[in-house]
Amino acid sequence: MNAAAPPPSPQPVMRLKNVAKIYGAGMAEVRALDGIDLTINQGEFVAIMGASGSGKSTAMNILGCLDTPTSGTYLFKTVDVGRLNRDQRALLRRHYLGFVFQGFNLLARSSAVENVELPLIYRGTRSTERRRLAMRALAHVGLKGREHHFPSELSGGQQQRVAIARAIVTSPKVLLADEPTGNLDTKMSLEIMELLKALNEEEGITVIMVTHEAEMAAYAHRIVQFSDGRIRTDGKKREPA
Amino acid sequence: MLWETFRLALQALRRNALRSFLTVLGIVIGVGAVIAMVTIGNGTTVKVADDLSKLGSNLLFVRPGQFGPGRSSAEARAFTAKDVAALKAQLRGVKAVAPVAQTSGTAIVGTESRATSIIGSDNDFFISQDWPLSAGREFLGGEIRGGRAVCLIGATVRDELFGPAFPIGQRVRVNKVSCEVIGLLEAKGQSSFGTDRDDVILMPLRTFQRRIAGNTNISTIYVSAQDGVETSKVQQDIERLLRERRGITGNEEDDFSVRDMKQIAQTLTSTTAMMTALLGAVAGVSLLVGGIGIMNIMLVSVTERTREIGIRLAIGAQASQVLMQFLVEAVVLSMFGGIVGILSGLGLALLASSTMNIPFMLDWKIVVIAFAFSAAVGILFGFFPARRAARLDPIEALRHE
Ligand SMILES: Nc1ncnc2c1ncn2[C@@H]1O[C@H](COP(=O)(O)OP(=O)(O)OP(=O)(O)O)[C@@H](O)[C@H]1O
Ligand SMILES: [Mg+2]
């Protein structure tokens, strides 16, 4: 289906081969993913679209190593993720992936900068260095001066920026964002998209994003359409009607 | 990394200060109670044994009735002056046979008055109780036989009624009887039961019987064996004599009892030791309840924080790191509770020992056990809920509402 011109030298980062995810069994069986093949290349900005319940989040969670497929293979670079144990998958997340959730998922009792520091703690970064990197990431997402605010003292857009800062503070290879603008108004959403675009273009971070809105998907190089657990279309800037 | 985990745990505990405080409270109370109870109890036991041994090991108590549960000395016949006279005449190897009749009453000097304890006895009282005079003299033979209104007073009575004045030769009204003070007893201090032994007025037995009590009952006879004489032999002699005098024959049970200090000391110390064990057990239950409290709160906290666990896992924490975090939180919490509990328990025991005048008998075993228990509670009850949480798939934990 990759009819459009490929990037100069496509270097695959993630590859799903015939991946299925089945919830329940027998009559109650739900095929959240029903055999999908998907390759994400280094440096891409991919938008995933599709109706509610079509399996977008399920695919994102598998790509993000938060969940495991029922069948099929998932290669991260050259590593077969299906062969990794829980702790090895945690290491993969820790070193290569950044995740932004629709619901922000910040620690309510921790300040913005503490939230951003969190992934660095598990990387064993020393506390002074940690603070420096977290402050820089917050400045990067335009939250200078808000470092010590708690999530409850920040607007939705600001909370999402904190979440993005937390995802990029480790300089990940891939940033996965599941409906990062789902809870935000258009103005804030566009700001977040600009931010993702800048991260993609300037930092070279591969971005995969789920969205319902064509306006947001327009920022991506490539749009993947899901429906009923399968990939309907996959192509460069093909906006749905 | 461990230090980091420790710091994170402290941070988390501070953020949930109220919950942490409540968690710890149960352990503090439990550990504190166990340590305070056992320490105070041990002190009391030692104090009782100590006091009794001071009374002398050659002293025998003769009382009407039998000791023991369900028996009362009230029903049994009291001794008479004739019983005492017979014991004095016939017992071999004794230093003193002192009859004692006792009641409480009021002593008045001028405008000062005091409720005190009144004892009727004779000069053998001083020998049997090993209680010398600090001034004045003992009773004269004529005063004893004639039931004269004379008395000796204890140090407390003297202080309270006479103040700095010299009491000998003065008169004191004891329950309407005006007595001349002929002597002063040396200060003895508190008894093992916390009563003031110096709060006493001593008069001849006959005076007491006629003018204070209005009967001829003698409630106790103290018999003091000579040094080197077996108290058990004297005890047998007393029993034989009194059975004869009270007309008890054959297999009939004694309606009186003769006990030596050792037996009484044993009864008392075994009673206080049992009390200690009982109090310790009750306190132990509160410790257990405190432990269950920790478990409960850790469980709730893990459930409450499942999303947090999910976030941590999602951003790259390994299950073992999350587990470690919760474990350290629980251990820090229960250790802290244990230490505060130990300190407050010891403080309480120290306070009690100084106010109740008992020795501070610190039992390190109990401290170690209480501390180990609180640590074990933390590890056990912190570990299992935390393990459950850390085993969740990150995505499941994140979905948790
Ligand atoms: N834990 C689960 N147990 C059972 N079924 C599940 C579970 N998670 C997802 N599903 C099912 O899998 C299907 C795909 O869900 P998924 O969350 O991937 O959809 P989605 O495309 O992200 O939808 P939305 O746009 O509403 O977020 C749905 O039918 C959903 O009901
Ligand atoms: Mg979804």
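Residues numbered from 1 in each chain as written. Chains lettered and ligands numbered in written order. Predicted model: local features only at pLDDT ≥ 70, side-chain atom pairs only at ≥ 80, totals over all residues. Heavy atoms only, no water.

In the annotation of an unreviewed UniProt entry, the entry for chain B reads FtsX-like permease family protein, and the organism field reads Roseibium aggregatum. According to the UniProt record, the Sequence similarities (unreviewed entry) comment for chain B is "Belongs to the ABC-4 integral membrane protein family." The heading Subcellular location (unreviewed entry) in the UniProt record of chain B holds the text "Cell membrane". (UniProt positions renumbered as here; feature names shortened; annotations may be inferred.)

Taking an unreviewed UniProt entry as the reference, chain A is identified by name as ABC transporter ATP-binding protein belonging to Roseibium aggregatum. Under the Sequence similarities (unreviewed entry) heading, UniProt states for chain A: "Belongs to the ABC transporter superfamily. Macrolide exporter (TC 3.A.1.122) family."

Asks: Explanation requested: the site of ligand 1 in the structure shown.
Replies: In the neighbourhood of ligand 1, 14 residues make up the surrounding shell, with A:S52, A:G53, A:K56, A:S57 and A:T58 lying closest. Of the chains in the model, those with residues near ligand 1 are chains A and B. For ligand 1, an oxygen atom lies 3.0 Å from a polar atom in the backbone of A:G55. Here ligand 1 loses 65% of its free accessible area of 640 Å² to cover by the protein chains. Where the shell around ligand 1 is concerned, the elements lending two or more residues are strand 2 (30-41) and helix 1 (56-63) of chain A. (Near = heavy atom within 4 Å. Polar contact = N/O pair within 3.5 Å; in protein donor to acceptor, adjacent residues only side chain to side chain. Areas by Shrake-Rupley, 256 points an atom, 1.4 Å probe, with all protein chains shown as cover. Helix = DSSP H or I, 4+ residues; strand = E, 2+ residues; numbered from the N terminus.)

Asks: What should I look at first to understand the pairing of strand 1 (residues 59-64) of chain B in this one?
Replies: In regular strands, side chains alternate between the two faces of the sheet. All names here are of chain B. Most of strand 1 is tucked away: five of the six residues are buried. Of the strand pairs in this sheet, strand 1 and strand 9 (residues 220-225) are connected by four bridges, and their pairing is antiparallel. Bridge pairing in strand 9 places L60 opposite V223. Two strands pair when backbone bridges link them, and strand 1 and strand 10 (residues 256-260) are joined in this way by five bridges, in the antiparallel orientation. Bridge pairing links F61 to R259 in strand 10. (Buried < 20%, exposed > 50% of the residue type's maximum accessible area, 1.4 Å probe, protein only. Pairing = 2+ DSSP bridges.)

Asks: Would you take a moment to explain the pattern of salt bridges for this structure?
Replies: Where charged atoms of side chains with opposite charge meet at close range, the side chains can pair. Residue and element names in this part refer to chain A. Inspection of the entire model under this criterion finds 25 salt bridges over all chains. In this structure, the salt-bridge partner of E29 is R31, at a minimum N-O distance of 3.4 Å. Judged by relative accessible area, E29 falls into the partly exposed class, the value being 36%. We classify R31 as partly exposed; its relative accessible area is 40%. (Salt bridge = Lys/Arg side-chain N within 4 Å of Asp/Glu carboxyl O.)

Asks: Could you clarify how one ought to interpret the sheet that holds strand 4 (residues 71-76) of chain A in this entry?
Replies: Whether parallel or antiparallel, the strands of a sheet pair through hydrogen bonds between backbone atoms. Residue and element names in this part refer to chain A. Strand order in this open sheet of four strands is 2-1-4-5, and the pairing throughout is antiparallel. The sheet is open, and its two edges are formed by strand 2 and strand 5 (79-80), each paired on a single side. Its contacts with the sheet place helix 1 against strand 1 (12-23), strand 2 and strand 4, and it is angled at close to 125° to strand 1. (Contact = heavy atoms within 4.5 Å. Axes fitted to C-alpha atoms, helices over the stretch in contact; angles between N-to-C directions.)

Asks: Mind showing me how you'd approach the packing of aromatic side chains here?
Replies: Aromatic ring pairs are reported here in terms of the distance separating the ring centres and the angle at which the planes meet. Per the stated rule, a full pass over the model turns up six aromatic pairs over all chains. Measuring from centroid to centroid gives 4.9 Å for A:F99 and A:F101, while their planes differ by 20°, and the two rings are stacked. Classification of A:F101 by relative accessible area gives buried; the value is 9%. Ring centres 6.3 Å apart and planes at 40° place the aromatic pair B:F126 and B:F139 in the tilted group. Here B:F126 is found in helix 4 (residues 124-128), whereas its partner B:F139 is found in the loop between strand 4 (133-136) and helix 5 (141-146), with 13 residues between them in sequence. For B:F139, a relative accessible area of 4% corresponds to the buried category. (Phe/Tyr/Trp six-rings, centres within 6.5 Å; stacked < 30°, edge-to-face > 60°.)

Asks: How do you make sense of the UniProt feature "transmembrane region" (unreviewed entry) in chain B when you look at a structure like this?
Replies: Residues and elements named next belong to chain B. As annotated in UniProt, the feature "transmembrane region" (unreviewed entry) corresponds to residues 21-40, 277-302, 323-352 and 364-384 in the numbering used here. Between the end C-alpha atoms of residues 277-302 there is a gap of 37 Å, over a span that is 100% helix and 0% strand. The distance from the first to the last C-alpha atom of residues 323-352 is 43 Å, and the span holds 100% helix and 0% strand.

Asks: Please clarify how unusual backbone geometry should be interpreted in this entry.
Replies: If a residue is not glycine, its phi is most likely negative; likewise, a peptide bond is most likely trans. Residue and element names in this part refer to chain A. The backbone of S171 shows a phi angle near 50°, a positive value even though the residue is not glycine. Residue placement: S171 occurs in the loop between helix 5 (156-168) and strand 7 (174-178). Note on S171: relative accessible area 54%, which makes it exposed. Of note, the phi angle at E179 is positive, near 45°, even though the residue is not glycine. Position of E179 relative to the elements: it lies in the loop between strand 7 and helix 6 (186-202).

Asks: Just checking my understanding: could you explain the pairing of strand 2 of chain A for this structure?
Replies: Residues and elements named next belong to chain A. In this structure, strand 1 lies alongside strand 2, joined through nine bridges in antiparallel fashion. Looking across to strand 2, one finds that R15 is bridged to T39. In sequence, strand 1 turns back onto strand 2 through a hairpin of six residues, with G24 there showing a positive phi of about 70°.

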